[in-house]
Amino acid sequence: MLSKCTGLTDLGLARNRIGPMGALYLADGFGKCTSLVNVGLQSNQLGEARPSDSGVPEAFVSLVVSLAGCQNLESLFLDENSIEGIGTDGLQRMERPGAFSALTQLSLRQNPMGLECASNIASWLRKCSDLRVVDLAATAIGPGAEFVIEGLVGCPTLSSLNLEDNRIGWETAARVRTPFHEQNSISMPS
């Protein structure tokens, strides 16, 4: 169905229990639907697939690799999908020239990604230079917030970063304040 909707720009499939098998079917369709601008896949259990040898949920990676081909994609919402352990291997597969270059809004909130994932996400975010809104609330990245901040410092368009409920601690908060304060892209209290 998606492959025939060549003019589709907005797709909202939140809270549909798509799961890993549905993610694989969607991945096949997204590869042919390059006009997508906004995709909402919140609360679909996309990360609950059996991990591959690299520890990355294969269905989720296939889905994101497919979305990377949507050159007009501006907003991507993957909240509450049990996504964890996005390792370097998975992110390398998601990267290709021009991938996510139009992305302005990314939400991965309430996925148990963890500290290791924060470093990998940060290296990926460095390539998304037009991001304005990033929501990583309740992703269990803890002190990994520092990596995320370092990845986003070179993003002059960033206006909103949500790291709520990540237990980053006061030491990390003190370290992450400086880059944004110096860049003036986000106002932070003194």
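Up top is the structure these notes are about.
Residues numbered from 1 in each chain as written. Predicted model: local features only at pLDDT ≥ 70, side-chain atom pairs only at ≥ 80, totals over all residues. Heavy atoms only, no water.

**Comments concerning the packing of helix H1 (residues 19-30) against helix H2 (residues 58-67)**
To describe two helices that pack against each other, one gives the angle between their axes and the distance between the axes.
Then, number 1: As a packed pair, H1 and H2 sit with axes 8 Å apart at the nearest point and diverge in direction by 20 degrees. The angle between the axes of H1 and H2 places the two elements in the roughly parallel class. Between H1 and H2 lies a crossing whose hand is left-handed. Of H2, the residues touching H1 (which contributes Pro20, Ala23, Leu24, Leu26, Ala27 and Phe30) are Ala59, Ser62, Leu63, Ser66 and Leu67. (Axes fitted to C-alpha atoms, helices over the stretch in contact; angles between N-to-C directions. Helix = DSSP H or I, 4+ residues; strand = E, 2+ residues; numbered from the N terminus. Parallel < 35°, antiparallel > 145°, perpendicular 65-115°, else oblique. Left-handed = near helix turned anticlockwise from the far one by under 90°. Contact = heavy atoms within 4.5 Å.)

**Topic: the sheet that holds strand E5 (residues 133-135)**
Then, number 1: Spatial strand order, E1-E2-E3-E4-E5-E6: six strands in an open sheet with parallel pairing. The two strands at the open ends of the sheet, each matched to only one other strand, are strand E1 (10-12) and strand E6 (160-162). Put simply, the sheet's adjacent strands are angled 5 degrees from each other on average, direction ignored. (Pairing = 2+ DSSP bridges.)

**Side note on the nonpolar core**
Then, number 1: Phe30, Leu41, Leu67, Leu76, Leu78, Phe100 and Leu131 are the most contacted members of the largest nonpolar core, which has 47 residues in total.
Then, number 2: Here this core gets seven residues from one element, more than from any other, and that element is H2. (Core = buried A, V, L, I, M, F, W, Y, C linked by side-chain atoms within 4.5 Å. Buried < 20%, exposed > 50% of the residue type's maximum accessible area, 1.4 Å probe, protein only.)

**Considerations on a nonpolar patch on the surface**
Then, number 1: On the surface, Met21, Leu24 and Tyr25 cluster together to form a nonpolar patch covering roughly 360 Å² of accessible area.
Then, number 2: Secondary-structure assignment places leucine 24 in helix H1.
Then, number 3: Given a relative accessible area of 39%, leucine 24 falls into the partly exposed group. (Patch = residues over 30% accessible without salt bridge, like charges linked within 9 Å, V, L, I, M, F, W, Y side chains within 5 Å. Areas by Shrake-Rupley, 256 points an atom, 1.4 Å probe, with all protein chains shown as cover. Salt bridge = Lys/Arg side-chain N within 4 Å of Asp/Glu carboxyl O.)

**Considerations on helix H4 (residues 114-125)**
Then, number 1: The terminal C-alpha atoms of H4, which comprises 12 residues, lie 16 Å apart, in line with the 16 Å expected from a rise of 1.5 Å per residue.
Then, number 2: Those residues of H4 lying buried are Gly114, Cys117, Ala118, Asn120, Ile121, Ala122, Trp124 and Leu125. (Expected span 1.5 Å × (residues − 1).)

Structural measurements only, silent on function.
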